[in-house]
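In case you want the letters, here they are:
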Amino acid sequence: MSVAFVFPGQGSQAPGMGLDWADCDEAGADLYQWASACLGWDLTETLRTATPDELRQTYIAQPAIFCVSVAAFRALEAAGVERPAYVAGHSLGEFSALVAAGALSFEAGITLVARRAEAMQRAADARPGSMSSVLGLSAEGVEMAVEAAAQGQVLAVANDNAPGSVVVSGEWAALERLPAAAKELGAKRVMPLNVGGAFHSPLMASAVDAFGVYLAAAPLRDPAIPVVANATAEAVTRGEELRELLARQLTGRVRWTESVRRMAALGVDTFVEVGPGTVLTGLIKRTVDGVRVLSAGDAAGVTAVVEALREPAEGPTAQGGDQGEVVVLPERFAVSPGHGRFYPVTPSRFTDEGPYVEQGDLLGEVRNGAASIPVRSPFRGWVMAHLAWEGELVTPGQILLSLRPF
């Protein structure tokens, strides 16, 4: 069995997350105390008292995600889990991966995370823009759509997250032209993301200069575990090379699809998502077949991962008798609960991968005269496409939306 630890970035957490680690034991509380000392403000108290909107602010969310990821990693270490063969992190998660690889101390890592968040926000304020998720189109197709929509303005592929899930970043006017260009090439949907800037695009150039000062002074060592870098999707073992790639990451593409495939090609058959949420778990399942994917975001998740790693992997990589035929449904559908006209609601939950829903979230309603029947999601998943348009006359059991489970 060959294991890789992968660490999530911003957009993968629920507001206020992380308090379970801050309160669960002495080691977790100590970690958050050190974080507060490095940040210059009380992270634990902020997580307890801030409003949901405040908790989504980059300067709070990024250190919180980093702390959860490192706390979960240290809990896995304390439980005796063997060192992984590779580590990787998605955008912000690359800093958690560096701590896990021994290239950065926790204190240096959280300081860099805080400085990076500040530099990115200043760059976003100076050169406004945003991001949109393109669903159902290959990375090559998205590149063609970007070229058609840019028209001399800044527009770039920001995150190649998984097959059919690509995020584009750039200036507002160019993003407004993107849906038409992408749909002409076969995209199912283009969804604007609720983010504070055009991250991972040339609009972040000033952030590279500002963050570079701190990055140059950071005590970055050669990692003890190869780090598969966002910027190149290659395994890196030299600290100085990682320093240069961390700077490139701010304006360059997060090559997550390539990174996952690279680790699988290097023999990884088990991926463990270490940190809040299960966004990377879903992306990995969509990217490579025949691998086991586990999630360790809280104490219960760590326990489950420890137990799972003691057992041999199941599926194509395991030895044994006939497993029979396994059918995996990559998409599920929400159907009409009655007769009437369908009116979808605008999604309220977003990650870099696009809009998503939790079980029970309202997807829309079917109206018939004065009667209104709510349409709710039966599971967690990404909203892939609306198959019934607003005001369309629908019948019971008719497919309304396409969703992809996490």
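Rules and cut-offs
- Residues numbered from 1 in each chain as written.
- Predicted model: local features only at pLDDT ≥ 70, side-chain atom pairs only at ≥ 80, totals over all residues.
- Heavy atoms only, no water.
- Pairing = 2+ DSSP bridges.
- Helix = DSSP H or I, 4+ residues; strand = E, 2+ residues; numbered from the N terminus.
- Axes fitted to C-alpha atoms, helices over the stretch in contact; angles between N-to-C directions.
- Phe/Tyr/Trp six-rings, centres within 6.5 Å; stacked < 30°, edge-to-face > 60°.
- Buried < 20%, exposed > 50% of the residue type's maximum accessible area, 1.4 Å probe, protein only.
- Lys NZ or Arg CZ within 6 Å of the ring centre and 35° of its normal.
- Core = buried A, V, L, I, M, F, W, Y, C linked by side-chain atoms within 4.5 Å.
- Contact = heavy atoms within 4.5 Å.
- Polar contact = N/O pair within 3.5 Å; in protein donor to acceptor, adjacent residues only side chain to side chain.
- pLDDT = per-residue confidence, 0-100.

Participant: Just checking my understanding: could you explain the sheet that holds strand E14 (residues 349–351) for this structure?
Facilitator: Strands pair in a sheet through their backbones, by hydrogen bonds, and they do so in one of two ways: parallel or antiparallel. Read from one edge to the other, the open sheet built from five strands follows the order E12-E20-E18-E15-E14, with strand pairing classed as antiparallel. With one partner strand each, in any of the chains shown, strand E12 (332–335) and E14 form the two edges of the open sheet. The mean inter-strand angle of the sheet, taken between neighbouring strand axes irrespective of direction, is 45°. Both E14 and strand E15 (residues 354–357) contribute to a ladder of three bridges, which runs antiparallel.

Participant: Just to check I follow, could you spell out the packing of aromatic side chains for this structure?
Facilitator: We describe a pair of aromatic rings using the distance from one ring centre to the other and the angle between the two ring planes. The full count for this structure, using the stated rule, is four aromatic pairs. When the ring of Phe 66 is compared with that of Phe 106, the centres are 5.5 Å apart and the planes differ by 20°; the resulting orientation is stacked. One end of the pair, Phe 66, is in helix H5 (residues 58–78); the other, Phe 106, is in helix H7 (residues 106–126), with 40 residues separating them in the sequence. Look at Phe 95 and Phe 211: their rings are 6.2 Å apart centre to centre, the planes differ by 70°, and that puts the pair in the edge-to-face class. Taken together, the residues Phe 95 in helix H6 (residues 93–100) and Phe 211 in helix H10 (residues 205–217) connect sequence positions 116 residues apart. We note that Phe 95, like Phe 211, is buried. A connected cluster of aromatic rings, assembled from ring pairs, spans Phe 5, Phe 7 and Phe 73. Directly above the ring of Tyr 343 sits Arg 367, whose terminal nitrogen or CZ lies 4.0 Å from the centroid.

Participant: What is the right way to read the nonpolar core from this model?
Facilitator: The tendency in soluble globular proteins is for nonpolar side chains to be buried as a group. Ranked by internal contacts, the top residues of the largest apolar core, which has 74 residues, are Phe 5, Leu 76 and Val 87. Ranked by residue count, the leading element in this core is H5, at eleven residues. One finds Val 254, Trp 256, Val 260 and Tyr 356 within the second-largest nonpolar core, a separate group that totals 22 residues.

Participant: Looking at this model, I keep getting lost on the environment of Ser 259. Mind explaining?
Facilitator: Within the secondary structure layout, Ser 259 lies in helix H12 (residues 256–265). In this structure, the C-alpha to C-alpha distance between Ser 259 and Asn 230, residues 29 residues apart in sequence, is 7.1 Å. When neighbours within four sequence positions are excluded, Ser 259 is seen to be in contact with Val 228, Ala 229 and Ala 233. Within the structure, Ser 259 has its side chain in polar contact with the backbone oxygen of Arg 255 (distance 2.7 Å).

Participant: Honestly, the confidence of the model for the protein chain in this entry has me stumped. Any pointers?
Facilitator: The predicted coordinates of low-pLDDT regions are not to be read in fine detail. Summary statistics for the protein chain give a mean pLDDT of 86 and a share of 91% for residues scoring 70 or more. Taken as a whole, residues 315–329 scores under 50 in pLDDT and shows four contacts with residues more than four places along the chain or in a different chain.

Participant: Before we go on, may I ask you to explain the sheet that holds strand E19 (residues 392–394) in this structure?
Facilitator: Read across the open sheet, the four strands follow the order E17-E16-E13-E19; overall the sheet is antiparallel. If you trace the sheet from one side to the other, it starts and ends with strand E17 (371–376) and E19, each paired once. Averaged over all neighbouring strand pairs, the angle between strand axes comes to 35°, with direction disregarded.

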